Amino acid sequence: MTVAPAPVREPAWSLPRTAIGLWVTESLIGVVITALVVGALLIWVPADLGGPVPFLRWAVPVVAVLDALIAVFVRPWLKHRVYRWEVTQDAVYTRTGWLSQTWTLVPVSRIQTVDVTRGFLQQLFGLATVAVFTASSQGTVRIWHLEHGVAQRVADDLAARAERTRDQAT
Amino acid sequence: MSAPGEPTGPGEVPVPGQTFWPPQPRRTSPRIVLVDTATFRQARQLVPIAVPALAGIGLGGGRWTVVALVVAITLVSLATAALAWWRFSYLDGPAAVVVTRGLVSRSTRTVPNDRIRGIEIEAPPMHRLLGLVRVRIDAAAGGSSSAGRGAGKDEELLIDGVPRAEGERLRTAVLTKRSRVPVPTADDVDGAPARPDPEPEEEFARFDNRWLLYAPLVGGYLAVPVAAVGALSRIVDEVPDRLLPDVDGPALDPSVVAVLAVVVALVVLAAGAVIGAAVVNWRFRLVRRGGSLIAVRGLLTRRHTELEIDRIRGVAVADGAGMRLVGAARLNGLVTGLGDAQRRGQLLPLGPRAQAEALSRRLVDDPGPLTPHPASARRRRIARAMAAGLLVTVAGAVLTVTSGWWPLLVTGVVLTVLGVPLGLGRYASLGHATGRRSFAVRVGWLVRERAVLERRAVVGWEVKQSWAQRRAGLASVVACVGAGRGGYIAMDMAADDVAAFAVAASEPWAEQLLPVPREPDRAMR
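Because the structure is a prediction, the values reported are computed rather than measured.

Trainee: Mind showing me how you'd approach the overall build of chain A here?
Mentor: A tally of helices and strands in chain A yields five helices and seven strands. Across the 170 residues in chain A, those meeting the buried criterion constitute 45%. Residue pairs at least 24 apart in sequence account for 53% of intrachain contacts in chain A once pairs closer than 6 positions are excluded. In the form shown here, chain A has an accessible surface area of approximately 8500 Å², with 65% of it arising from carbon and sulfur atoms.

Dropping the structure here:
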């Protein structure tokens, strides 16, 4: 995607392709809400108000349409290329984002709790999120949109191993 | 000395080897009823009920009504304070501290000794008059709720109004039991006012009153006079006009008035900051006693905070722009599981930079001088510092063209030009260093902070790279720690250095970040 090499290693595993469907659905819901807001703007804000209104009356819809096109037809696939995860012998490792990317690495020995959450849309697609918490308010890893069975197995495995290897350094 | 109901009076020497079993709950001193009556501590909670009730009954405005009201409120306050005292008891048992309270519904809170992270003894002015103290016992949040949410205020036991010696006894007893020393019974039941702690003290820092002069250059203390002036102006607003003195003096030149106002404001600000700093930090002392650091400070309210050295994961040296001018700094300890860490973690509230640095080296290994970040980071800092000014400039240009109003354009240009030194300053602050057992990161300009952390403190790494950073070959790294703010950032370091820095600054698990292609360990799925 870019010429410059990533600062750190890429996690090994990608998400299931159903995640793309989920992201497209999320984008579509966002597009509908934006369309309602823009529609309300066009209907109820009179065009002869002066000031920047005439300019906004065509600029806002154009921006909204561009954003909708990217959100529905580009971003889900880009995200699917960026979102990656990996559970190794001693750590959980993820990459998230699309334009801005974030890599998060948390060692199993410092895990405090592991949660599995299934949002409403996620349930429709049979997906779940694994959230791994540490003692730090910023050191939380979320593995988004795994197949539900996989998520549950990962969470159980991590919780069991964290119990065995936990150290008291934190 | 001892409160009624206390099982062991002074002078009652316990038989060695024989423990008091089961231990009896203790009461706070009845003198606390006086303090609480005067401060309306319990009665205050009734205000939301009382006000509408009184408004409903309706009162005449006579003098006797006011007197009756004052008497009634005081009586209510006395009654509630006495009830609260009567229903409150605490017990520092061999395994846990138990606090029982509640007027109607009883609540019992039990905190196991091994969850106790520290004890703070404070003596507000009224307490000091009556020889009482307030003991706060800080506890780690329980298992799952602590995850990523930190210890909140509710994870704290408050035992308000015990005699000073009893507070001291409680502190020693709880801390001794927690460290699993087998039953030092003589210490446990000794209510003598003499310090029962035989361990030698080592002084780490002592406040020099000349340091108060730094206060006007520290943002936090400047807020004190501003708040005071705000409160005062509100009071003046309330006073009826006819009571205000007539201040129409001889007419003065407006420019003279403006200069005078600025001078007066500056003097008030500076004096207020110094007074505020003095009230909080008066006779500050930091000593080490055994495995703990003890900080004592305060003019009106004396605070006595205890931090376990074993839980100190690092320190943060804060020296904002104003403090750098005079070579001052503040030192905070980064302690795991410490509630209200900003206030309690203070190891040197205000002092010369050299002293803060020396103290920091005493607590955490010095990782050496900071490595500056690459030149592209400087371009990025300047660009970001100018961005806001540029936006104002563009808006100003549009306004100048459309309506001829030029001041915004000038402001925008000035802000943009000022962005250059600001960006340079922010770049100069950036840096990171790794040592044998610790590492350091520094960021900020107006509020600059250098965090020095032990390698074992890191519980995770977060590497962030925006689109612009990727093009500039930069990345930001956040070391996640379970202490202080929770994360410390090394902003805009060279992308190629990120993995090596993470490995050098934490334990071997961070090698996972190294960009060498390696076979993932699938066996663990």
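Next comes the rest of the write-up.
Trainee: Please explain the confidence of the model for chain B as it appears in this structure.
Mentor: In low-pLDDT segments, the atomic positions of the prediction should not be examined closely. All names here are of chain B. Of all residues in chain B, 82% have pLDDT values of 70 or greater, and the mean over the chain is 80. In the model, residues 1–19 has pLDDT below 50 throughout and makes 27 contacts with residues more than four positions away in sequence or in other chains. Overall, residues 142–154 carries pLDDT values under 50, and its contacts beyond four positions in sequence, including any with other chains, amount to 21 contacts.

Trainee: Honestly, the nonpolar core in this entry has me stumped. Any pointers?
Mentor: For soluble globular proteins, the rule of thumb is that nonpolar side chains tend to be buried together. The biggest cluster of nonpolar side chains holds 35 residues, and the ones touching the most others in it are Leu286, Leu293, Leu331, Leu347, Leu348, Leu350 and Leu359 of chain B. For this core, the secondary structure elements donating two or more residues are strand S7 (201–206), helix H8 (254–281), strand S9 (292–297), strand S11 (312–318), strand S12 (328–335), strand S13 (346–352) and helix H11 (353–363) of chain B. Core analysis: the next-biggest nonpolar cluster, separate from the first, contains 32 residues, Tyr93 and Trp103 of chain A together with Phe439 and Ala457 of chain B among them.

Trainee: In this structure, what is going on with the UniProt feature "transmembrane region" (unreviewed entry) in chain B? I would like to understand it.
Mentor: All names here are of chain B. The positions that UniProt labels "transmembrane region" (unreviewed entry) are, in the present scheme, residues 64–86, 211–236, 256–280, 382–399 and 405–428. Taken as a whole, residues 64–86 contains 100% helix and 0% strand, while its terminal C-alpha atoms sit 32 Å from one another. The span residues 382–399 is 100% helix and 0% strand, and its two end C-alpha atoms sit 26 Å from each other.

Trainee: Whenever I open this one, the pattern of salt bridges confuses me. Can you help?
Mentor: Residue and element names in this part refer to chain B. Under the counting rule described, the total for this entry stands at 37 salt bridges over all chains. With its nearest N and O atoms 3.3 Å apart, the salt bridge here joins arginine 41 to aspartate 160. Placement of arginine 41 in the loop between helix H1 (31–39) and helix H2 (47–57) and of aspartate 160 in strand S6 (residues 156–163) is noted, with a sequence separation of 119 residues between them. Under the relative-accessibility criterion, arginine 41 is labelled partly exposed at 30%. Put simply, arginine 289 and glutamate 201 hold a salt bridge, and the shortest N to O gap is 2.8 Å. Note that arginine 289 is positioned in strand S8 (residues 285–289) and glutamate 201 in strand S7, a separation of 88 residues in sequence. What makes arginine 289 buried here is its relative accessible area of 8%.

Trainee: How do you make sense of a nonpolar patch on the surface when you look at a structure like this?
Mentor: Residues and elements named next belong to chain A. On the surface, a cluster of nonpolar side chains totalling about 980 Å² of accessible area is made up of Phe55, Leu56, Trp58, Val62, Val65, Leu66, Leu69, Ile70, Phe73 and Val74. Secondary-structure assignment places phenylalanine 73 in helix H2 (residues 53–73). The class for phenylalanine 73 is exposed, based on a relative accessible area of 60%.

Trainee: Please explain the sheet that holds strand S5 (residues 132–139) of chain B as it appears in this structure.
Mentor: Strand pairing within a sheet occurs via backbone hydrogen bonds; the two strands may be parallel or antiparallel. Residue and element names in this part refer to chain B. Spatially, seven strands are ordered S6-S5-S4-S10-S9-S8-S7 in an open sheet, and the strand pairing comes out antiparallel. Each of the sheet's edge strands pairs with one partner strand only, and the pair in question is S6 and S7. Across this sheet, the average inter-strand angle for adjacent strands is 20°, counted without regard to direction. As paired strands, S8 and S9 are joined by five bridges and run antiparallel to one another. In the strand pairing of S9, arginine 285 is matched with valine 296.

Trainee: I tried to follow the packing of aromatic side chains on my own but got confused; where do I start?
Mentor: Each aromatic ring pair is described using two quantities: the centre-to-centre distance and the angle formed by the ring planes. All names here are of chain B. Evaluation of the coordinates by the stated rule reveals six aromatic pairs over all chains. With 5.4 Å between their ring centres and 80° between their planes, phenylalanine 207 and tryptophan 211 make a pair best called edge-to-face. Arranged with centres 6.1 Å apart and planes meeting at 50°, the rings of phenylalanine 439 and tryptophan 461 form a pair that is tilted. Here tryptophan 461 lies in strand S17 (residues 458–465) and phenylalanine 439 lies in strand S15 (residues 438–443), a separation of 22 residues in the sequence.

Trainee: Could you clarify how one ought to interpret the environment of glycine 337 of chain B in this entry?
Mentor: All names here are of chain B. Among the structural elements, glycine 337 can be located in the loop between S12 and helix H10 (341–344). Separated by 222 residues in the primary sequence, glycine 337 and arginine 115 have C-alpha atoms spaced 9.8 Å apart. Those residues within four positions of glycine 337 in sequence are excluded, and the remaining contacts are Arg117 and Gly482.

Thresholds applied
- Residues numbered from 1 in each chain as written.
- Chains lettered and ligands numbered in written order.
- Predicted model: local features only at pLDDT ≥ 70, side-chain atom pairs only at ≥ 80, totals over all residues.
- Heavy atoms only, no water.
- Helix = DSSP H or I, 4+ residues; strand = E, 2+ residues; numbered from the N terminus.
- Buried < 20%, exposed > 50% of the residue type's maximum accessible area, 1.4 Å probe, protein only.
- Contact = heavy atoms within 4.5 Å.
- Areas by Shrake-Rupley, 256 points an atom, 1.4 Å probe, with all protein chains shown as cover.
- pLDDT = per-residue confidence, 0-100.
- Core = buried A, V, L, I, M, F, W, Y, C linked by side-chain atoms within 4.5 Å.
- UniProt positions renumbered as here; feature names shortened; annotations may be inferred.
- Salt bridge = Lys/Arg side-chain N within 4 Å of Asp/Glu carboxyl O.
- Patch = residues over 30% accessible without salt bridge, like charges linked within 9 Å, V, L, I, M, F, W, Y side chains within 5 Å.
- Pairing = 2+ DSSP bridges.
- Axes fitted to C-alpha atoms, helices over the stretch in contact; angles between N-to-C directions.
- Phe/Tyr/Trp six-rings, centres within 6.5 Å; stacked < 30°, edge-to-face > 60°.

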